Structures are given as structure tokens and as C-alpha cells.
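What follows is the residue order along each chain.
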2 protein chains.
Amino acid sequence: MTARYPCSAVIREVGLRDGLQSIQTILPTEQKKAWIRAAYAAGQREIEVGSFVPARLLPQLADTAELVAFARELPGLFASVLVPNLRGAEGAIASGADLMIVPLSASHAHSVANLRKTPEEVVAEVARIRAARDAAGSKTLIEGGVGTAFGCTLQGRVEPDEVLRLMQALLDAGADRVSLADTVGYADPGLVADLFTRAMAIAGDRFWCGHFHDTRGLGLANVFAALQAGVTRFDACLAGIGGCPHAPGASGNVASEDLAYMLGSMGVDTGIDITRLLALREQVSGWLASETLHGTLWRAGLPKTYAAASGHATA
Amino acid sequence: MTARYPCSAVIREVGLRDGLQSIQTILPTEQKKAWIRAAYAAGQREIEVGSFVPARLLPQLADTAELVAFARELPGLFASVLVPNLRGAEGAIASGADLMIVPLSASHAHSVANLRKTPEEVVAEVARIRAARDAAGSKTLIEGGVGTAFGCTLQGRVEPDEVLRLMQALLDAGADRVSLADTVGYADPGLVADLFTRAMAIAGDRFWCGHFHDTRGLGLANVFAALQAGVTRFDACLAGIGGCPHAPGASGNVASEDLAYMLGSMGVDTGIDITRLLALREQVSGWLASETLHGTLWRAGLPKTYAAASGHATA
């Protein structure tokens, strides 16, 4: 068997949201803008810039509207935000974000503990968000993101059938896109192949993104399995910023630069200039000097064979 | 597509050889024996216990013959050693090792720099080793291990055709088994799928083992790709002991416990009790307190879903 997978893929940078919300340091707005500008210059075209949540809950992300406005000035940049509810969605719509992600946790226990809603209540909220979006004549896409898709630390197992049922419910409620997330790093490549293949069959072009954590070192192996299932968009955090609150020191999202390297080496076009992304990583790691960062490529550097293999030789 | 892969696989522990030869600490023979005993108790049945090289070159491994003798006392344990040449092979044969690995570097530049032989000279040495083994009436298997199979830090690119030509030459010279190694961490899952599929087609049952380094974080993704190609044996080091001399701080071999977790989670039977392996890791990490260790599972722990998923629930 020769490996078969798509010839291009998008790395959606979620470090500014998923990464920054999980750490202590509050990055000034100007540094966030510099990050967005440099990521754009390195070829990244989809960035989750923040979250429309009350500033008292996540003061790190209080400048989200300003960042959406900034991102919209960069031609071709697709700016996403996270919204936990209708109120957040109204902020996202007003900001002109290209896409808003509504998280749903397939684990009932995790959903109640973290979102203070049942999964069904989140589905109902998505229907309200869709109505509000349409009433506003807004073009902001709605992505329903099904988290804890491979289990969770509270209830343990989450049935794949339940994950797919909720994904279908999100589509039925009006989500334009759906995604699956391994929120706590429980997935393995076999589980990923099975679940994502089924999800792709259900959602087709409306299947949007795979979100993998590297808590147990399987982040990139899981991406590879999802890629083989036809998934062409993956969330990642520069320097793997964030981490797992349940395992101090363990990494959170896969590192953008490592993912860009894997895909580039495989000949999967991401449009990313890795040398520039590594330079940005160095800059951001200076801003976050007190935080534990992750990733491997920054230390080892690109292989001598990289440019030849991928055609991504960069200055 | 649903992921297809073998239902069982062997993790060959190479920490006592590949790991210990790469670090400063010299582990006393009694600790090595305790390691072998505990690895055996955790279910590991193939262990590379050392290398037959002059003690002045690798004093860390001077006790290899004693360790082979010790390993042979454990029922069903398959003991491997590395041998760089005929003299080493004579030591391995005399020790009664089950298998001796002769490393060959497919990169001409790397071969001359590290083995002080051309690849062709290594092939010729394998023929002499085979003759000596047969003349001695020994049952010690000969494994030809083709390293730098995905490129090297000296010459860069290594052509897959050249790798496979040398693998065939090793078989023709009398190697009973052949393996491929990504010595410097240049492989990616696409390259692995292509090369290992071709190698399996050539060597069939005589294809023995995949050896991956995690230098750029792709070790487990590469294992998954090789597993899909039908490979059922992988080298790994407990705690990822070792590291890459070309990238200080970067990891070397994939960590045995992380690999055992990935395979176990996928339902691939390795016979390993991960809880015991993690306990051994803790013990060994105490012996190697001054060394940089690797791996992720030891920090995050097994998922709540693990036992149910794999049937490997352990006391």
C-alpha cells in the first residue's frame, strides 16, 4: 500500500485563542497584531483570533473585536472566533468575523461541567445563533465543533455514535460547518481513522476541521490518520502553546510548526514558509518567556533534505 | 477508509544498547539486569542487550556477553546484540545471542564517517559473518540493518532505490533478516509508507523491524505508517533514552512506553503491561537522573478509556 492523502491542507492557527486562554501571560494587543501579521507573512491564511466571552472570564481575549478588525485588513485572511453562546455570536457577527465556532462537548458530564449546558442545549443555541445570523444578513459562517469526541477525563468513554448524532444535530440546527476535537488527548490513529471516515461520509464538504491535542504524543499520528480519511484542515498552536490542565507540563494542541513540517515533508501543500514560522515562534517564545512551550522542530531544525522533498525551500 | 493494520506487533527494547551508548552515565551491570528482568516482567520479549564492540570504544556496553547470558535464563526472551564487524559477530556467536544486528548506512558519506567502511564493504562483511556463523553451527540470526534510509545529515538525500538495492545485497550476502532505520529523524509518514511497502514486497517474511527516531516529532506517526504497510516489529527505547547528537536536547528513538500506549490503544497486541513499563521507567529515570529523558505518557498517564479500549487493563 502506498499512502494516499490530499495534496493540500490548511493549518488553522488557534494559538491566539486556544493557546493564550490556557496560560497565565496576557499578551498585549499590539503583540497579538504582530503575531497575526507575521503568521500571515509566513503564509497562514486562517487564524482564530480570539473568543467573544465576557472579559471578566477571559481577560486575555478581551481585545477580540479589535483583532478581527485588524485581521480583516489583511487580504485573503480568514478570521475565526470562538463563541460560547448567542451573546458571543452577536459580538462575532457585529465584528465581521468570517467564521464563529460554537463548541459542543459530546461528553454529557464534560458539557455540564465546562459549558454549563447539556449538549442538547448547545444544539438549541446553535439554532438561535443561525436565526440571528440570518436575520442580521451576516455572512459569518457557523462551525459546530464537537469536542471530547474520543472520550473525556470525567466520564471516560464517549460513544462514537453519540458524537456523530450530535454532529448531525448541529448540521440540522443550522451549522454551516462541523468539526471534531480530541479535547483531552485520548485519540489514537485507529480511532481517528474510524470516526473521521464516518464523519466525512455524513458531513461531506461541510466537514471542516480536525483538532488534536498532543497530550500523549499522538497528535501528529492522529493528524496523519485524519488526513488519510480526507480531512484537509487542522487546528494547531504555534509552539504548542497551551497545555493540558489535567496533566501539568503536558502539551495541548499540536505545534503549528511541527505540523507544517510534517505536511510539507509529505508534499502536502500548506502555503506556509516554515523558516518564517520558526522565526515567529522565536519571537513569540520571547513574549511568553515564563510559559512552558512545546514542539520539536524548533530544536532540531529542518532536515537537509526538506527543500528538495517539498519544494518549500524558503529564504 | 477504515485504518487497516496488523493485530499484533513486537516492541524491541533497544534502550540498553542504542540508548545507553548515547549518554554519559554508565549503568552498572546489576542495574541493567534489573532493567531486563523488569522489562521481561512487563511483557517485553525482545531486548537488544548490548553491542560487541571493543570496551575502549564503548565502555558503557562492555558487559554485553554477561547480559546475553543473563537474558538467556529468562524463558522465551529473545536477546539481540549489535555487531559492527566479524570480530563482534564472533563474540555474539560465542555468547549465544539469538540475533545479531549488523548496521549498514545507505548514505555513503555517513557510512565512511561513522562505520569507516563503504556500504559495499559492510555487505562483504555480512557474507563473512554468515560463513562464520554457519561454520560454527550457530543459530544466531543475522539482521542487516539499513540505516540513514531517509537521508542523512552529511550528504542529505539518500535515494530509495539505493536503500533497497543495499537491503537486497544484505539478503544476498546471507542476512536472515533485514530492517530499515531513520537514523537522523528525516522520515515522514508518506516516505515511510512508500519505502516500507517496497521493502516488504522485496523481503517478505525476512523484513524484520522498523527503527524510527523522534527527532522532529514524527516517530509515532512514522510507526503508524509502517504498521499500515504491514511492519510488525519496532525498535524503541524506554524513556526515549539517547537523543540526537546533531540536535542537543532533541529525542532519539521513540519512547517504548509511548509506542506501547499507541499500539495498545489501537488494539494492536504487544503483550506489554504499560503500568509495569511506566513503573520501570520511573526506576530507570532515577538511575539516569543526570540525563535528559523523553516521552509523554509518563506525564499524562493512561486515559480513563484505555483499559476498556485495549483489553490491556493491568494491575
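Scroll up to find the structure.
Being a predicted model, the structure only gives us computed values, none of them experimental. Residue indices follow the written sequence of each chain, beginning from 1 at its first position. As they are written, the chains are lettered A onward and the ligands numbered 1 onward, keeping that order. Local features in a predicted model are, by the rule used here, given only for residues with pLDDT of at least 70; side-chain atom pairs are given and counted only at 80 or more, and totals for whole chains, interfaces and linings are based on all residues. Calculation of side-chain values draws on the structure's entire complement of heavy atoms; hydrogens and water are dropped beforehand.

Caption draft 1: Spatial organisation of unusual backbone geometry. For A:Ala239, which is not glycine, the phi dihedral falls at a positive 60°. Along the polypeptide, A:Ala239 turns up in the loop between strand S8 (233-236) and helix H10 (256-265). Labels follow the DSSP assignment, with helices taken as runs of H or I lasting at least four residues and strands as runs of E lasting at least two, numbered in each case from the N terminus.

Caption draft 2: Fine view of the pairing of strand S6 (residues 177-182) of chain A. All names here are of chain A. The buried fraction of S6 is high, at six of six residues. When DSSP finds at least two bridges between two strands, those strands are taken to pair. In this structure, strand S5 (residues 141-147) lies alongside S6, joined through four bridges in parallel fashion. Looking at S6, one finds that Gly144 is bridged to Val178. With the strands aimed away from the viewer, a crossover counts as right-handed if its path from the first strand over the helix to the second runs clockwise. Between the parallel elements S5 and S6, the chain passes through helix H7 (residues 160-173) in a crossover that is right-handed. Note that S6 and strand S7 (residues 207-212) share five bridges and pair parallel. Under the scheme applied here, a residue whose accessible area is under 20% of the maximum for its type counts as buried, over 50% as exposed, and between as partly exposed, the area being computed with a 1.4 Å probe on protein chains only.

Caption draft 3: Just the side chain of B:His211, in detail. All names here are of chain B. With respect to the helices and strands, the residue His211 is situated in strand S7 (residues 207-212). Any pair of nitrogen or oxygen atoms within 3.5 Å is treated as a polar contact; in protein, a donor-acceptor pairing is required on top of that, and neighbouring residues in sequence qualify only through side-chain atoms on both sides. Only 3.2 Å separates the side chain of His211 from the side chain of Asp18, close enough to count as a polar contact. Any two residues whose heavy atoms approach within 4.5 Å at even a single point are treated as in contact. Setting aside anything within four residues of it in sequence, one finds His211 in contact with Asp18, Leu180, Ala181, Asp182, Asp235 and Asn253.

Caption draft 4: Seen up close, the pattern of salt bridges. Residue and element names in this part refer to chain A. Just to be clear on terms, a salt bridge is a Lys or Arg side-chain nitrogen sitting within 4 Å of an Asp or Glu carboxyl oxygen. Within the structure shown, the criterion is met by 38 salt bridges over all chains. A salt bridge links Glu66 to Lys33, with the shortest nitrogen-to-oxygen separation between them at 2.9 Å. Taken together, the positions of Glu66 in helix H3 (residues 64-72) and Lys33 in helix H2 (residues 29-41) put the pair 33 residues apart, joining distant regions of the chain. Under the relative-accessibility criterion, Glu66 is labelled partly exposed at 39%. On the basis of relative accessibility, which here comes to 12%, the residue Lys33 falls in the buried class.

Caption draft 5: Summary view of helix H10 (residues 256-265) of chain B. Residues and elements named next belong to chain B. Among the ten residues in H10, ten count as buried, and that is most of the element. Among all positions in H10, only Ser256, Glu257, Asp258, Leu259, Ala260, Tyr261, Met262, Leu263, Gly264 and Ser265 are buried. Count one or two residues on from H10 and you reach Gly267, which has phi positive near 85°.

Caption draft 6: Highlighting the relation of the copies chain A and chain B. For this overlay, a least-squares fit was computed on C-alpha atoms, restricted to residues scoring pLDDT of at least 70 in both copies. For the match of chain A to chain B, the screw axis carries a shift of 0.0 Å, the RMSD comes to 0.0 Å, and the turn is 180°. The relationship between the two copies is best expressed as a two-fold rotation axis. Residue A:Ala221, judged by its C-alpha, is the member of chain A lying nearest the rotation axis, at 1.9 Å. Counting the interface residues of chain A, we find that 100% of their copies in chain B are interface residues as well, pointing to one common contact surface.

Caption draft 7: Here's a closer look at the interface of chain A and chain B. Taken together, the contacts link 46 residues of chain A with 46 residues of chain B. Buried area: the sum, over both parts, of the accessible surface (1.4 Å probe) that disappears when the two are put together. Between chain A and chain B, a total of about 3,500 Å² is buried, with carbon and sulfur atoms accounting for 62% of that surface. In this assembly, chain A and chain B are joined by zero salt bridges. Scanning the region where chain A abuts chain B turns up 17 residue pairs in polar contact (both at pLDDT 80 or more).

Treat this as a map of the structure, not an account of what it does.
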